[in-house]
Amino acid sequence: MRLLIAEDDALLRAGLELLLRGEGFDVVGSWDNADDLLAAFEPGSADGAVLDVRMPPTFTNEGLRAALELRSRVPDFPVLVLSAYVEDRYASRLLASGAQGVGYLLKERVGNVGEFVDGLRRVAAGGTVMDPEVIAQLFSRRSNQDPIRSLTPREFEVLGLVAEGLGNTAIASAISVSETAVSKHIGNIFAKLGLAQSDSGHRRVLATLAYLRS
């Protein structure tokens, strides 16, 4: 997989390049700002991008805007956005660009190489990966009328793992229950969120979107 990197911290950028190359990725371009990445990008030249949210010149949302621009040039182009802090508005804007191939993780996750690389591979495969801290913060802000509030604590936990991009087998292992139990929980989640089997699209992604957008 050919990757682009945009990260203004030289040490972290070098570390990402070394880590990703060591995991079998081909880093075809690396920049310290979003503008240079966008200027160099050509459709077909890369298979995905890892971008910091805050970069020069304003250190606000340059990486997010670059991610959205990449996805406007190439629909569903896989992008994994990294942030030093929980900024849920950025996660919501990123998801609004489409339900496939998007990820939003805190930079501290990079320290867990297996977790970070697994998340990147899931994004590259068209999945959606959201940091659990972002999910928890969004949940704490929901109103009592929000259908998300009707979920049980276990269903909320399962939905959080779904939003991280995990499949039923991985969820069952993470919370020490059977896959049958996980399937039941997910069915209940779909029902409470009003996601019928006839809904177009992937219901797991729709559930994540309902969670972040409601």
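Below: a short report on this structure.

Parameters and conventions
- Residues numbered from 1 in each chain as written.
- Predicted model: local features only at pLDDT ≥ 70, side-chain atom pairs only at ≥ 80, totals over all residues.
- Heavy atoms only, no water.
- Helix = DSSP H or I, 4+ residues; strand = E, 2+ residues; numbered from the N terminus.
- Buried < 20%, exposed > 50% of the residue type's maximum accessible area, 1.4 Å probe, protein only.
- Contact = heavy atoms within 4.5 Å.
- Areas by Shrake-Rupley, 256 points an atom, 1.4 Å probe, with all protein chains shown as cover.
- Salt bridge = Lys/Arg side-chain N within 4 Å of Asp/Glu carboxyl O.
- Phe/Tyr/Trp six-rings, centres within 6.5 Å; stacked < 30°, edge-to-face > 60°.
- Axes fitted to C-alpha atoms, helices over the stretch in contact; angles between N-to-C directions.
- Parallel < 35°, antiparallel > 145°, perpendicular 65-115°, else oblique.
- Nonpolar A, V, L, I, M, F, W, Y, C, P; charged D, E, K, R; others polar.
- Polar contact = N/O pair within 3.5 Å; in protein donor to acceptor, adjacent residues only side chain to side chain.

Now for the overall build of the protein chain. When you go through the protein chain residue by residue, the secondary structure sums to ten helices and six strands. Per-residue burial over the protein chain gives 48% buried out of 214 residues. In the protein chain, 65% of the contacts between residues at least 6 apart in sequence involve partners at least 24 apart. When the accessible surface of the protein chain is totalled, it reaches about 9,600 Å², and 51% of it is carbon and sulfur.

All right, on to the pattern of salt bridges then. Scanning the entire structure with this criterion turns up ten salt bridges. A salt bridge links Arg 21 to Glu 17; the nearest nitrogen and oxygen atoms lie 3.2 Å apart. Highlighted residues: Arg 21 and Glu 17, both in helix 1 (residues 10-22), separated by four residues, approximately one helical turn. A relative accessible area of 44% places Arg 21 in the partly exposed class. Its relative accessible area of 18% is what places Glu 17 among the buried residues. Between Arg 71 and Asp 76 there is a salt bridge, and its shortest N-O distance comes to 3.6 Å. Given a relative accessible area of 5%, Arg 71 falls into the buried group.

Another aspect to go through is the packing of aromatic side chains. Tallied over the full model, the rule gives one aromatic pair. A centroid spacing of 5.2 Å and a plane angle of 70° characterise the contact between Phe 41 and Phe 77, whose relative ring orientation is edge-to-face. Within this pair, whereas Phe 41 is found in the loop between helix 2 (34-40) and strand 3 (48-52), its partner Phe 77 is found in the loop between helix 3 (62-73) and strand 4 (79-83), the two being separated by 36 residues in sequence.

This next bit is on the packing of helix 8 (residues 168-175) against helix 9 (residues 179-192). At their nearest, the axes of helix 8 and helix 9 sit 9 Å apart, and the two run at 105° to each other. Comparing the axis directions of helix 8 and helix 9 gives the class roughly perpendicular. Here helix 8 contributes Asn 168, Thr 169, Ile 171 and Ala 172 to the contact with helix 9, which in turn contributes Glu 179, Val 182, Ser 183 and Ile 186. Tallied by class, residues from the contact of helix 8 with helix 9 come to four nonpolar, three polar and one charged.

This part takes up the environment of Tyr 104. Inspection of the secondary structure assignment puts Tyr 104 in strand 5 (residues 102-106). Taking C-alpha positions, Tyr 104 is 8.1 Å from Leu 94, a pair spaced ten residues apart along the chain. A polar contact of 3.4 Å, which involves the side chain of Tyr 104, links it to the side chain of Ser 83.

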